[in-house]
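Commentary on secondary and tertiary structure
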Amino acid sequence: KEGSEEVMSTALYVEEADDDEDDNRPPQDGMAYLRQVIKERKRVPETVTAEVTATKKKKVESEPVKNYENDRTKAPPPDGCCPSAAWQRDQVSQFSEVRLRASRHSELGRQTGEVGPGAHMIPDKKNEALWCHMILGGQVWRQVCT
């Protein structure tokens with residue numbers, strides 16, 4: 001036992017406690033927490049035995065468990081689990097507003113030619129030079145080639 005204590009103390013160094021440290025207070029830092037855990041561990045015996053009495057327990061009659069897998073109806077959720085109708089309406093209105101703004105933005109992009117087919121020319125996947133020019137610029141490609 002003492003050998004393992006020695007190994008543990010060297011593996012995890014914990015500073016010595018101040019005399020004014022109170023065990024009833026929550027620890028103020030990590031070291032105080034570790035000191036509190038070590039003190040608590042020393043108070044608990046290595047092995048604990050419990051007496052088991054061999055009395056038979058009464059079988060408690062319980063409600064039969066309903067199998068919902070074969071039943072076509074859903075079990076009702078507990079009270080307070082579902083969002084309120086007002087909250088759901090608010091979410092739908094916020095989503096509708098975002099969808100409307102996105103639609104307006106995409107329409108504006110189509111009108112100005114910034115969005116849509118042919119708006120951006122993407123190089124062929126095998127053309128390394130054009131990809132380097134598009135992503136990194138011509139100076140980088142010149143450095144790669146030299």
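Note that the coordinates shown come from a computational prediction; the quantities given were computed from them, not determined experimentally. (Residues numbered from 1 in each chain as written. Predicted model: local features only at pLDDT ≥ 70, side-chain atom pairs only at ≥ 80, totals over all residues. Heavy atoms only, no water.)

Helix α5 (residues 138-145) packs onto helix α4 (residues 128-135) with a crossing angle of 135° between their chain directions and a minimal axis gap of 7 Å. One finds that α4 runs oblique with respect to α5. Contact with α4, carried on its side by Glu128, Ala129, Cys132 and His133, involves Gly138, Val140 and Trp141 of α5 and no other residues of that element. Its residues assigned to classes, the contact of α4 with α5 comprises 4 nonpolar, 2 polar and 1 charged. (Axes fitted to C-alpha atoms, helices over the stretch in contact; angles between N-to-C directions. Helix = DSSP H or I, 4+ residues; strand = E, 2+ residues; numbered from the N terminus. Parallel < 35°, antiparallel > 145°, perpendicular 65-115°, else oblique. Contact = heavy atoms within 4.5 Å. Nonpolar A, V, L, I, M, F, W, Y, C, P; charged D, E, K, R; others polar.)

It is worth spelling out the layout of surface pockets at this point. Here the second largest pocket is characterised by a volume of approximately 160 Å³. Forming the boundary of the second largest pocket are 13 residues, of which Glu21, Arg25, Gln28, Ala32 and Arg35 lie nearest the centre. By residue class, the composition of the lining of the second largest pocket is 3 nonpolar, 2 polar and 8 charged. (1 Å grid on protein atoms, 1.4 Å probe; cavity = no way out; pocket = protein on both sides within 12 Å on 5 of 7 lines; lining within 4 Å. Points joined across faces, edges and corners; volume = space filled by probe spheres on them.)

As a further point, take the environment of His105. Tracing the backbone through its elements, the reader meets His105 in helix α3 (residues 85-112). Since its relative accessible area comes to 61%, His105 is described here as exposed. Taking the C-alpha atoms as reference, His105 lies 9.9 Å from Val115; in sequence the two are 10 residues apart. (Buried < 20%, exposed > 50% of the residue type's maximum accessible area, 1.4 Å probe, protein only.)

Residue position: Arg35 is located in helix α2 (residues 30-43). Once residues within four sequence positions are removed from consideration, Arg35 is found in contact with Val14, Glu15, Glu16, Ala17, Glu21 and Asp29.

A few words now on the confidence of the model for the protein chain. On average, residues of the protein chain score 79 in pLDDT, and 80% of them are at 70 or above. Averaged pLDDT values over the elements of the protein chain bottom out at 59 in helix α1 (residues 2-11) and peak at 91 in α3. (pLDDT = per-residue confidence, 0-100.)

A full pass over the atoms with the stated rule returns 2 salt bridges. For the salt bridge of Arg101 with Glu97, the shortest nitrogen-to-oxygen distance reads 3.1 Å. Of this pair, Arg101 and Glu97 both sit in helix α3, 4 residues apart, roughly one helical turn. Residue Arg110 is joined to Glu107 by a salt bridge in which the shortest nitrogen-to-oxygen separation is 3.6 Å. Of this pair, Arg110 and Glu107 both sit in helix α3, 3 residues apart, which is roughly one turn of that helix. Given the relative accessible area of 36%, Glu107 is considered partly exposed. (Salt bridge = Lys/Arg side-chain N within 4 Å of Asp/Glu carboxyl O.)

We now examine a negative patch on the surface. A grouping of Glu15, Asp18, Asp20 and Asp29 is seen on the molecular surface, where their side chains present a negatively charged patch. Looking at the element boundaries, Glu15 is found in the loop between α1 and α2. (Patch = residues over 30% accessible without salt bridge, like charges linked within 9 Å, V, L, I, M, F, W, Y side chains within 5 Å. Areas by Shrake-Rupley, 256 points an atom, 1.4 Å probe, with all protein chains shown as cover. Lys, Arg positive; Asp, Glu negative; His and termini not counted. Charge placed at Lys NZ, Arg CZ, Asp CG, Glu CD.)

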